[in-house]
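# Structure at a glance
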Amino acid sequence: MEVYTVTVATGTSDYSGTNNYIYVTLVGEKGESERTLLDNPGLDFCKGAVDQYKVSSSASLGALLLVRLEKQRYWVEDNWFCRYVTVEPPGGDKPLTFPCYRWLIGDVKLEIREGTAKTLRDDSSPQLLTHRKEELQGRKSSYSLLELSLKKLAIRFGKSWNDLEDFKRIFWKLRSPVAEYCMEHWRDDWFFGYQCMNGSNPRMIRSCKKLPENFPITADMVQSSMSLRTNLDRELKAGNIYLLDYAITDGIPTNTIRGRRQFIAAPLCLLYQHPDQGLIPVAIQLEQTPGLDTPIFLPTDPPLTWLLAKMWVRHSEFQVFQLVSHLLRTHLVIEVFCVATLRQLPAVHPIYKLLAPHLRYTLEINCRGRTQLISDNGIFKRVVSTGGEGLMVLAQREYKVLTYRSLQPRYDFTDRGVTQLNKYHYREHSLLLWDAIHRFVSGVLDLYYLSDQDVEDDLELQAWIRDITQEGFTELPNFGLSSKLSSREELYTLLSVVIFISTAQHAATNNGQFDWCAWVPNTPCTMRHPPPTDKDAVTMEMIMDSLPDVSQSCVQMAITWHLGRAQPDAIPLGQYTEEHFTEGRVQQVIDRFRSELKEIEEQIWSENEGAELQYLYLLPSRIENSITI
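Criteria and cut-off values
Residues numbered from 1 in each chain as written. Predicted model: local features only at pLDDT ≥ 70, side-chain atom pairs only at ≥ 80, totals over all residues. Heavy atoms only, no water. Pairing = 2+ DSSP bridges. Helix = DSSP H or I, 4+ residues; strand = E, 2+ residues; numbered from the N terminus. Axes fitted to C-alpha atoms, helices over the stretch in contact; angles between N-to-C directions. Buried < 20%, exposed > 50% of the residue type's maximum accessible area, 1.4 Å probe, protein only. Phe/Tyr/Trp six-rings, centres within 6.5 Å; stacked < 30°, edge-to-face > 60°. Lys NZ or Arg CZ within 6 Å of the ring centre and 35° of its normal. Patch = residues over 30% accessible without salt bridge, like charges linked within 9 Å, V, L, I, M, F, W, Y side chains within 5 Å. Areas by Shrake-Rupley, 256 points an atom, 1.4 Å probe, with all protein chains shown as cover. Salt bridge = Lys/Arg side-chain N within 4 Å of Asp/Glu carboxyl O. pLDDT = per-residue confidence, 0-100. Contact = heavy atoms within 4.5 Å. 1 Å grid on protein atoms, 1.4 Å probe; cavity = no way out; pocket = protein on both sides within 12 Å on 5 of 7 lines; lining within 4 Å. Points joined across faces, edges and corners; volume = space filled by probe spheres on them. Nonpolar A, V, L, I, M, F, W, Y, C, P; charged D, E, K, R; others polar.

Strand order in the open sheet made by the four strands is β5-β1-β7-β8, with antiparallel pairing throughout. Only two strands of the sheet have a single neighbouring strand rather than two, namely β5 (50-57) and β8 (96-104). Here the average twist between neighbouring strands, direction ignored, is 25°. The pairing of strand β1 (residues 2-10) with strand β7 (residues 80-88) spans six bridges and is antiparallel. Along β7, the bridge assignment pairs threonine 5 with glutamate 88.

See the structure below:
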């Protein structure tokens, strides 16, 4: 009789435990153990429990291949989250760890493998090859590709505020240091420019070497904004002129809220990197087609006129950062990789193990977003000017021009011509994190892919990339990602993109949205009056009639707080509470990654020491390991 010591670890989150029956069978090269009910005196499988049992076999099992777990209902259904199982063979051999990190729901059987990561070529056992195949078949039936919704994108008062100061009546209840700073400085031109670089949509700004033909600015118009002894032409050539172009919002269908039509503009905003004042706006046109009814607004206009023009730009910013930069370019892009990983890579595959912590909860939060935020009766329909049909059209437009190159930060900064832009903290911190992530990915996968040929020969990996390009990013001939991976560098860069987007990029667009949107006039979710066509007709009454009403303001403040707040169960970047890898050599790479992140953390804190307005969104300790909100 052979006796094995089996240790079973239950999840640590609420409701992870179970009172159902749990059975285990050990599967080896030479046979199977007895099917054993795991039942110690007292309660088993409580939240966070690590329970130990004895499992017998009439003969030696040989090398252990699988652990079969079974859950059967006892009185009522009670789901169970298993973290891992360890098995100590007879004779005191080294215990083997079988990672699980999955829910067992209903009366179910689940077979899990020992934790050493293996590509398909590393498996020779017919039994393990069969298990590998059956695992993927089961996943494919469960995770038929969630349609990237872009393929289909293919308190009720209604009362206006009386004055801008009235917004303080809701602001005092929820606040942050940056939100308070925003309330004090939102009128300032330098602060407007700062948000273009370090706000919730920091990748909209691009260099302007030549004025757009549909933005007929003359040098005289902006001369008063230039520094001494220079002019617009000289600054264009020097690379100090930048542009925000919201052409993507031109003609977007607008929402109707409680019977009142909402409005949206498609602004062009020219900015100047002033040697003393920093990045400042110098001209704004609120529509794409110039004309008598589309004036160019300037800092020399009456103060309320210039303020309202900037509000309209920030209103377009709200639409673009929520639906394009946040929803599409993080949540929905990562959903493609998440589904492909579940469909094409078995749990023992090193890339599955690498990506799993960075895909945690993403499908769940995306499903919630579809039903609660952007559905026909969701929050966007209630308070946002692009709610309803508009948000679908806006996201669809961006999806059609999405490129793989633009998802890689170094190319993105170069292509937008912003490598020399001063005080662009988002750029500097992003590149620090990108390099660290790329070194981490390379360090892990160098252990499993010894040559480019190993990448080409991995049939599961090639099926994964085909799923991504042919099922996920379908109908995008200019996306720029090949359906075949031919080298280690191609693979490492792609995986770095996935991890960067699901961590740093999501943090940059999501985590500050309360800071920039809590003071509603700074980034209004909707506008209830058309854009001004007469500079001299702007009044405070017109501004208040344009801004979100009382109920819309309350919802904007509440939803941006909810979406941008730190999650109570957040796992920071580089912390792997679920140990999918069991090899010590991988742990060494993870330790180096954590050390590098610690250095980045210290550098960012050092840069922000004493700063009145701090940029802390890309502190590694404040970046979640996956998209969970």
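Picking up after the structure, the text goes on.
Okay, unusual backbone geometry next. One non-glycine residue, phenylalanine 45, lies in positive phi territory at about 60°. Along the chain, phenylalanine 45 falls in the loop between β4 (36-37) and β5. Classification of phenylalanine 45 as buried rests on a relative accessible area of 2%. Located in the positive-phi region is lysine 423, a residue other than glycine, with phi close to 55°. With respect to the helices and strands, lysine 423 occurs in the loop between α13 (409-415) and α14 (425-445). Residue classification places lysine 423 among the exposed residues on the basis of a relative accessible area of 64%.

Another aspect to go through is the packing of aromatic side chains. Applying the stated criterion to the full structure yields 26 aromatic pairs. Plain terms: the ring middles of phenylalanine 318 and phenylalanine 321 are 5.8 Å apart, the flat faces sit at 75° to each other, and that makes the pair edge-to-face. Taken together, the positions of phenylalanine 318 and phenylalanine 321, both in helix α8 (residues 303-344) and three residues apart, correspond to about one turn of that helix. Accessibility assignment for this pair places phenylalanine 318 and phenylalanine 321 in one class, buried. For the pair tyrosine 424 and tyrosine 426, a centre-to-centre distance of 5.9 Å together with 45° between the ring planes defines the contact as tilted. These aromatic residues form a ring-pair network of at least three members: Tyr181, Trp190, Phe191, Tyr194, Trp516, Tyr615 and Tyr617. Here the guanidinium or amino end of arginine 405 rests over the ring plane of tyrosine 411, the centre of that ring lying 3.9 Å away. The positively charged end of arginine 585 is found above the aromatic ring belonging to tyrosine 448, 5.2 Å away from the centroid.

On the surface, Tyr21, Leu37, Tyr74, Trp75 and Val76 cluster together into a nonpolar patch covering about 530 Å² of accessible area. Its location among the elements puts leucine 37 in strand β4.

Residues of the protein with pLDDT of at least 70 account for 95%, and the chain-wide mean is 92. Contacts for the low-pLDDT stretch residues 145-158, under 50 throughout, to residues beyond four places or in other chains number 40 contacts.

Three or four residues apart is the spacing at which side chains of an α-helix point the same way, because the helix has 3.6 residues per turn. Counted residue by residue, helix α5 (residues 189-198) has eight buried out of ten residues, so it is predominantly covered. All of the buried residues along α5 are Phe191, Phe192, Gly193, Tyr194, Gln195, Cys196, Met197 and Asn198.

The next subject is the pattern of salt bridges. Across all of its chains, the model carries 28 salt bridges by this definition. One salt bridge connects lysine 47 with aspartate 14, and the closest N-O pair in it is separated by 2.9 Å. With lysine 47 in the loop between β4 and β5 and aspartate 14 in the loop between β1 and β2 (21-28), the pair connects residues that are 33 residues apart, well separated along the chain. Note on aspartate 14: relative accessible area 52%, which makes it exposed. Two residues, arginine 68 and glutamate 111, come together in a salt bridge whose shortest N-O distance is 2.9 Å. Of the two residues, arginine 68 sits in strand β6 (residues 64-72) while glutamate 111 sits in strand β9 (residues 108-113), which places them 43 residues apart along the sequence. Overall, the relative accessible area of 24% leaves glutamate 111 in the partly exposed class.

With that settled, the discussion passes to the layout of surface pockets. Of the voids in this model, the largest pocket is the one considered here, and its volume is about 1,800 Å³. Classifying every residue of the lining of the largest pocket gives 23 nonpolar, ten polar and 16 charged.

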